[in-house]
Structures are given as structure tokens and as C-alpha cells.
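Examining the three-dimensional arrangement
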Amino acid sequence: MNIIFIAPPAAGKGTYSTLLKEKYGFTHISAGELLRSEMNSNTEIGKKITEIVNNGLMIDDNLMKELIKSKLNTIDLNIPFMLDGYPRKLNQAEDYEEILSNLGLEVDKVLFINIDKETGLKRILGRLTCPVCKKNYNKLTGYAIPQEENLCDDCKVELISRKDDTKESYEKRYNTYMTETKKVIEYFRNKGKLIEIDGSKNPDDIIKVIESILGVLND
Ligand SMILES: [Zn+2]
């Protein structure tokens, strides 16, 4: 089985991809990590990517296609895998289908964790972390509220918020993501492959929904 994982900023991508990886044994292919590891390895492709990124330009579709293709050649395709951060555009979706088709596969499901901008913003702006045990809290979403205001439940030390999480930077990231990805979502919806999950719910409930979907898919 293979899944494309689509999650806007603050939709909880890390939580749910970790679940798929650790509990269900999925191979996790992250487009962002692929790019970073190429850049670090200083290969010809890596140097090219570094130059593009340093100039603030977009990685072109053919380059992404090559990276994804090479990665798929290194993994065991009999083990379920999920792709995250790709495809982001309609022509990338077509590229990916072509890659899979050459491997005798097709996209099985597209898991879309849908979150509206306002909910995402509350998650970002309300986020608090314990500096000692790193446990996460949120003062705005209605769940994961600390028992005592601004104190870690376990360590009783003052919680800290991240200063780089501003309304403007979040809205910009969210809008860019959704504008790009909307067409990919519609493309797979029309093919009957999209599974849309309400990402504004409590993460524990979302995990249950994902688990029941996986149960059905595995039957
Ligand atoms: Zn703590």
C-alpha cells in the first residue's frame, strides 16, 4: 500500500506521520528531507539544489521527479510507504503517477488532513512547550491546556512559546501551501482516492479516525 500524505502547516503532520511510521511500519519519504540530504551529501544534484535554494527559487519538477524516482528505487516497495511534501502541484501529481506506473504501482490513497486557517493559527499562536520535559501544550485550542496557567503539569516550571510563530508568517505559509496543493487535492478527489480528515479535532480523535481507515484499507 502507498499513501500520499497532505497536511497544511499546523495540521499535525509530525504526529500522524510518526503514527504511520512507528505503529504501522510505513516507510516515510519526506520530500523536504530528500532535498536536505542531497544538499548535505554535496553530490552534483546536491550542489544544484543548494544553489536554487540559496537564490530563493523553486526546485523544478524534473529534478523533484528524479529525486523521488531514485528514492523509490532504494526502498522495499512491498512495505507500505507514504510520501509527504510531494506532489505539491498538478504536474507533479502526474509525474508521480508515471513513476509509480513504471514500477507497476498506482497511488492507493491520498490522506488529506484538512485544517482551516483560523484553527491552524490558534495552534501556532497558542503553542507552549515545557523547557524541561519538552511536553507540548496549547492555551487556545481547547485541548492540551495546562492544569495551572502557564505551568507544566509534570515539572511545574513556566512554559515557553516560540517567538517565530507570528500570525503573518503562518498565514503566508498556509496560503502558499493551499494555493499550490488545492489542485492536487481536487485531482485525487475526482479519482476517488482522496480521504479527507477533519484536522481541527482533538489529535487523539484524529488518530482514531486514521487507525480505522487503515484497518479498512488493510482488509
Ligand atoms: Zn515539563
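What comes next is a walk through the structure. (Residues numbered from 1 in each chain as written. Predicted model: local features only at pLDDT ≥ 70, side-chain atom pairs only at ≥ 80, totals over all residues. Heavy atoms only, no water.)

Examining the coordination of the zinc ion
- Looking at the zinc ion, one finds its protein donor set to be C130 (SG), C133 (SG), C152 (SG) and C155 (SG), positioned 2.3 to 2.4 Å from the metal centre.
- Given 4 donor atoms and angles of 106 to 113° at the metal, the environment of the zinc ion is assigned as tetrahedral.
- For the zinc ion, the donor residues sit on a single chain with the sequence spacing C-x2-C-x18-C-x2-C. Here the residue C130 occupies a position in the loop between β5 (127-129) and β6 (136-138), and C155 occupies one in the loop between β6 and α7 (167-190), the gap between them amounting to 25 residues. (Donors = N, O, S within 2.8 Å, 3.2 Å for Na, K, Ca; no water. Tetrahedral: all angles 85-135°; square planar, octahedral: opposite > 155°, others 65-115°. Helix = DSSP H or I, 4+ residues; strand = E, 2+ residues; numbered from the N terminus.)

Describing the nonpolar core
- I68, L72, Y96 and I210 are the most contacted members of the largest nonpolar core, which totals 54 residues.
- Once residues lying within four places of it in the same chain are set aside, the contact partners of L72 are I29, L77, F81, Y96, I99, L100 and L103.
- Grouped together as the second largest cluster of nonpolar side chains are 5 residues, L128, C130, Y137 and C152 included. (Core = buried A, V, L, I, M, F, W, Y, C linked by side-chain atoms within 4.5 Å. Buried < 20%, exposed > 50% of the residue type's maximum accessible area, 1.4 Å probe, protein only. Contact = heavy atoms within 4.5 Å.)

Observations regarding the sheet that holds strand β7 (residues 194-198)
- Ordered in space as β2-β3-β1-β4-β7, the 5 strands form an open sheet in which the pairing is parallel. Of all strands in the sheet, those with a lone pairing partner are β2 (27-30) and β7, marking the two edges. Direction aside, the axes of adjacent strands within the sheet are offset by 20° on average.
- Sheet analysis places strand β4 (residues 109-114) next to β7, joined by 5 bridges and oriented parallel. Residue I113 lies in a different strand from β7, and its bridge partner there is I197. (Pairing = 2+ DSSP bridges. Axes fitted to C-alpha atoms, helices over the stretch in contact; angles between N-to-C directions.)

Brief notes about the environment of K167
- Mapped onto the fold, K167 is located in helix α7.
- Distance from K167 to L125, taken between C-alpha atoms, is 7.4 Å for residues 42 residues apart in sequence.
- Residues within four places of K167 in sequence aside, it is in contact with L121 and L125.

As for the pattern of salt bridges
- Within this structure, the stated rule accounts for 16 salt bridges.
- A salt bridge links K156 to E148, with the shortest nitrogen-to-oxygen separation between them at 3.1 Å.
- Looking at K156, the relative accessible area reads 43%, which means it is partly exposed.
- Residue E148 is classed as partly exposed on the basis of its relative accessible area, which comes to 38%.
- The closest approach of N and O atoms between R189 and E196, which form a salt bridge, is 3.0 Å.
- The exposure class assigned to R189 is partly exposed, which follows from its relative accessible area of 36%. (Salt bridge = Lys/Arg side-chain N within 4 Å of Asp/Glu carboxyl O.)

Observations concerning the environment of E196
- Residue position: E196 is located in strand β7.
- Judged by relative accessible area, E196 falls into the partly exposed class, the value being 38%.
- C-alpha of E196 to C-alpha of I6: the two residues are 190 residues apart in sequence and 9.5 Å apart in space.
- Setting aside its immediate chain neighbours within four residues, E196 contacts F112, N114 and R189.
- Polar side-chain contacts of E196 include one of 2.7 Å to the side chain of N114.
- Here the side chain of E196 touches R189 through a polar contact of 3.0 Å, side chain to side chain. (Polar contact = N/O pair within 3.5 Å; in protein donor to acceptor, adjacent residues only side chain to side chain.)

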